[in-house]
Amino acid sequence: MEFSWGTGQEYRRLLFSLLFLAAWKAGSGQLRYSVLEETKHGTFVGRIAQDLGLELVELVPRLFRVSSKGRGDLLEVNLQNGILFVNSRIDREELCGQSAECSIHLEVIVDRPLQVFHVEVEVKDINDNPPVFPGTQKILFMAESRPLDSRFPLEGASDADIGANALLTYRLSPNEYFSLEKPSDEERVKRLGLVLRRPLDREEAPEIFLVLTASDGGKPELTGTVQLLVRVLDANDNAPTFDRTLYEVKLLENVPNGTLVIKLNASDLDEGLNGNIIYSFSADILPTVKSKFYMDPITGEIMVKGYIDFEETKSYEILVEGIDKGQPPLSGHCTVMVEVEDTNDNAPVMEFKFLSLPIREDAPLGTVIALISLSDLDSSVNGQVTCRLSPHVPFRLVSTFKNYYSLVLDSSLDREKVSVYKLVVTAQDGGSPSLSTTASVSVEVADVNDNAPAFAQPEYTVFVKENNPPGCHIFTVSARDADAQENALVSYSLVERRVGERELSSYLSVHAESGKVYALQPLDREELELLQFQVSARDAGVPPLGSNVTLQVFVLDENDNAPALLPPGPSGGPSAVSQVVARSVGAGHVVAKVRAVDADSGYNAWLSYELQPAASGARSLFRVGLYTGEISTTRALDEADAPRQRLLVLVKDHGEPALTATATVLLSLEDSGQAPKASSRALSGAAEAEAVLVNVNVYLIIAICAVSSLLVLTLLLYTALRCSAPPSEGGCGPVKPRLVCSSAVGSWSYSQERRQRVCSEEGPPKTDLMAFSPSVPDSGDREDQQPATVDSPSKPRQPNPDWRYSASLRAGMHSSVHLEEAGILRAGPGGPDQQWPTVSSATPEPEAGEVSPPVGAGVNSNSWTFKYGPGNPKQSGPGELPDKFIIPGSPAIISIRQEPTNSQIDKSDFITFGKKEETKKKKKKKKGNKTQEKKEKGNSTTDNSDQ
């Protein structure tokens with residue numbers, strides 16, 4: 001006799017479950033595989049890399065890994081071919097028990113970028129477990145008085161498999177007394193039972209042996225058996241009966257021990273001991289039920305005696321029997337179903353699956369920092385978990401999958417403002433009261449090189465005394481970098497450039513680490529007054545950042561240069577000052593001048609002059625100007641004075657300590673009649689000195705003469721061409737130029753009229769001043785030319801007592817006149833242009849010209865330019881000549897009067913020589929005494945020749 005539990009309604013339920021599972025798989029969006037349990041190691045499951053859309057070559061670089069929560073290493077992935085395979089024995093019954101669905105949930109994580117995939121592998125059941133009965137033998141006691149169709153419940157077999165593999169059918173060994181009871185489909189609890197088909201007779205059969213066989217629906221079919229021993233008892237006709245055969249009870253988890261679950265009540269129609277009922281758990285009850293519950297045998301109360309946990313077991317099936325005390329005892333049976341209700345007794349569990357720290361401060365928005373997994377063992381609302389982050393932080397949580405959150409960057413970071421963030425992540429369930437779990441995460445911000453070194457100010461001014469020792473420390477630069485570690489490690493260097501003919505690094509150096517600036521050599525203010533350079537500060541980041549600071553080093557002057565005496569003559573040698581003085585000069589007459597310069601500046605270059613007293617102690621005939629160096633007489637000279645006077649002039653600066661130089665002045669006292677000869681001797685001596693100058697500077701003189709000759713030749717050629725043309729009015733006749741001045745640096749001449757008339761429609765022709773190239777005639781030539789210049793008086797004129805030199809003129813006493821392009825003589829509209837020589841001016845008045853030496857001109861400069869006034873406002877108009885000229889190295893002034901040719905003017909007044917003050921006086925005098933005028937001219941010429 002056999003029957004199957006699988007009815008039509010059961011198949012319909014199974015089909016509905018399979019359809020629901022298929023629909024859930026189609027909408028879940030995750031990768032699913034299936035594998036049979038108990039398969040061998042290495043069994044192919046699926047091409048997981050291909051199905052996830054990943055390339056095989058990127059599995060290892062992207063750190064492809066698979067994890068399964070609580071499942072060990074049942075499944076693994078071959079990183080070479082991307083195949084998911086079985087790694088160890090899979091027992092479905094061990095993993096899922098009697099659950100209809102059994103799956104292994106895998107988390108596939110790859111980096112760069114971070115991706116998480118969820119893979120579900122369904123473990124399919126095979127028929128590897130036979131049906132098992134609670135015991136191998138069961139003894140049943142039955143009274144012989146039991147009526148037919150009496151039912152005796154049996155404990156069925158259990159099969160660890162599911163589905164068809166767990167679909168059991170039972171067969172009872174052939175006998176004539178009992179048959180198997182077939183449970184109906186409406187019964188929630190399907191129970192086996194023996195049904196009495198023939199009255200028992202103890203005397204005929206006191207014991208009946210039966211074999212119950214259970215077969216599952218697997219392929220191949222597996223079976224299990226139990227032996228049934230039926231012992232027939234004598235009369236106890238009524239067995240105990242319960243109110244119901246099934247009791248259902250709901251019980252909260254975590255209830256304390258001793259909590260009453262249910263109180264059962266059974267009745268027996270017999271009397272006496274046969275009606276006295278004892279309650280107990282059935283012998284077939286599971287051990288877990290016995291460990292959780294206790295039953296009072298007298299009252300029938302079932303109470304809790306162990307820890308009830310919903311997460312461990314959701315329901316308990318308790319088999320209860322009531323046995324009377326009759327002989328033989330009879331029993332009644334019932335089932336109590338205890339449903340455990342969940343309470344919110346489990347806090348959420350938070351797990352960090354991935355953590356990428358520290359994070360760079362230039363990380364883009366949306367960068368994933370951590371992957372958080374949440375779980376809660378409770379069910380329903382108590383198991384629904386939400387996650388939140390502490391406020392006011394540049395991060396946020398993003399839900400990526402069910403109970404999975406990603407911690408991502410929400411706003412930009414700046415390590416210089418906040419270097420570490422203390423984050424608090426809170427997970428909270430939906431129970432009442434709700435439970436929560438917190439986790440603290442310290443997010444460190446990694447520095448990037450985004451700040452350049454910065455100096456406190458863009459420019460520094462440093463004052464350094466000259467003649468400093470080599471290698472002395474003059475300044476320290478310091479720059480601060482807001483970054484950290486190597487990005488804040490600042491090194492210093494000079495920004496190389498050239499200072500004159502040398503590199504900056506030959507003067508200075510900077511220590512790369514401390515920023516100290518050192519002077520590598522003594523600085524000389526006379527060579528370098530201001531040294532401006534830049535120091536660069538760079539950090540050690542990648543790429544490095546840097547900035548520059550400007551240093552202005554002013555070299556302070558020290559008194560390290562003694563006064564230097566300027567040579568008295570054009571030879572430039574350090575000779576004594578020699579001067580011839582007429583005995584007829586009066587008191588206060590300037591007889592000589594000591595000139596000196598000091599290369600220092602300020603007080604160190606402020607010179608004073610002192611006359612050393614004579615060895616005899618007698619009072620000197622002369623005195624020296626304290627700051628001018630002019631030597632003048634203290635009284636009128638007489639015949640008793642010595643003809644040779646030797647003076648020692650001490651030149652001293654105002655430095656600390658003061659430095660000095662001594663000049664020797666030799667004065668020759670001559671009578672008035674001997675003055676011309678003495679003057680000639682002086683001229684001869686000057687000529688000899690000039691000859692020495694020629695020998696030294698012969699190449700320079702040749703070059704100047706060549707250029708000047710070329711210019712004169714050009715002017716003569718141009719003039720000849722202009723004169724060959726027919727004049728518009730008047731005639732152009734050659735006029736012999738008259739030599740008016742001859743000196744070592746050249747000859748000056750003038751003409752009453754131009755060599756050729758400038759063809760201009762406006763105004764009469766004007767006079768012209770012609771400059772010839774420098775020449776060095778011998779002393780004889782100079783004496784021959786002197787009478788042609790002026791008429792020498794019979795008696796020499798005394799030196800002018802108010803002779804003065806300007807400061808600029810002292811530095812250019814021996815400058816030479818030359819032609820420059822600064823002055824241009826224009827004849828008029830459409831007329832020819834003629835280069836006009838420009839010469840230096842010694843007049844201090846702002847109306848007059850000023851001395852402008854060329855760049856770099858010193859004491860021996862040979863180039864000077866004549867300019868009008870401070871702003872040079874006055875310019876010669878077309879065809880005009882300058883009013884006055886100053887001959888370099890002399891206080892003489894050349895005055896030019898420009899008048900028409902028909903004007904009756906004495907030629908002696910055409911060009912006058914003398915100081916400006918003397919010129920003004922002569923303009924006021926009348927022209928009645930021609931001899932006096934010649935005497936004035938002779939005096940001017942004599943003064944000029946002395947220079």
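For the structure itself, look to the data block above.
Residues numbered from 1 in each chain as written. Predicted model: local features only at pLDDT ≥ 70, side-chain atom pairs only at ≥ 80, totals over all residues. Heavy atoms only, no water.

Asker: For this particular structure, what's the right way to read the overall build of the protein chain?
Answerer: Within the protein chain one finds ten helices and 62 strands. Residues classed as buried in the protein chain amount to 42% of the 947 residues present. Here the contacts in the protein chain between residues at least 6 apart in sequence split such that 66% fall between residues at least 24 apart. For the protein chain, the exposed area adds up to about 49,600 Å²; of that, 53% sits on carbon and sulfur atoms. (Helix = DSSP H or I, 4+ residues; strand = E, 2+ residues; numbered from the N terminus. Buried < 20%, exposed > 50% of the residue type's maximum accessible area, 1.4 Å probe, protein only. Contact = heavy atoms within 4.5 Å. Areas by Shrake-Rupley, 256 points an atom, 1.4 Å probe, with all protein chains shown as cover.)

Asker: Please clarify how the state of the cysteines should be interpreted in this entry.
Answerer: Scanning the entire structure with this criterion turns up one disulfide. Residue pairing for Cys 96: its cysteine sulfur links by disulfide to Cys 102, the two sulfurs lying 2.0 Å apart. Disulfide Cys 96 to Cys 102: torsion about the S-S bond roughly 70 degrees, handedness right-handed. (Disulfide = S-S within 2.5 Å.)

Asker: Explain unusual backbone geometry here, please?
Answerer: Negative phi values dominate among residues other than glycine, just as trans dominates among peptide bonds. The residue after Lys 219, namely Pro 220, is reached through a cis peptide bond having omega 5 degrees. Within the secondary structure, Pro 220 is located in the loop between strand E14 (207-215) and strand E15 (223-233). Of note, the bond from Ser 432 into Pro 433 is cis; its omega dihedral lies within 30 degrees of zero at -5 degrees. Residue placement: Pro 433 occurs in the loop between strand E31 (420-429) and strand E32 (436-446). One non-glycine residue, Asp 149, lies in the positive phi region at around 65 degrees. With respect to the helices, strands and loops of the structure, Asp 149 is situated in the loop between strand E9 (137-143) and strand E10 (151-154).

Asker: In this structure, what is going on with the sheet that holds E10? I would like to understand it.
Answerer: Strand pairing in a sheet relies on backbone hydrogen bonds, with the paired strands running either antiparallel or parallel. As summarised here, the arrangement of the three strands in space is E10-E13-E12, forming an open sheet in which the pairing is antiparallel. Each of the sheet's edge strands pairs with one partner strand only, and the pair in question is E10 and strand E12 (178-180). Put simply, the sheet's adjacent strands are angled 30 degrees from each other on average, direction ignored. Note: E12 against strand E13 (residues 192-196), three bridges, orientation antiparallel. Bridge pairing in E13 places Leu 180 opposite Leu 194. (Pairing = 2+ DSSP bridges. Axes fitted to C-alpha atoms, helices over the stretch in contact; angles between N-to-C directions.)

Any link to function would need more than the numbers given here.
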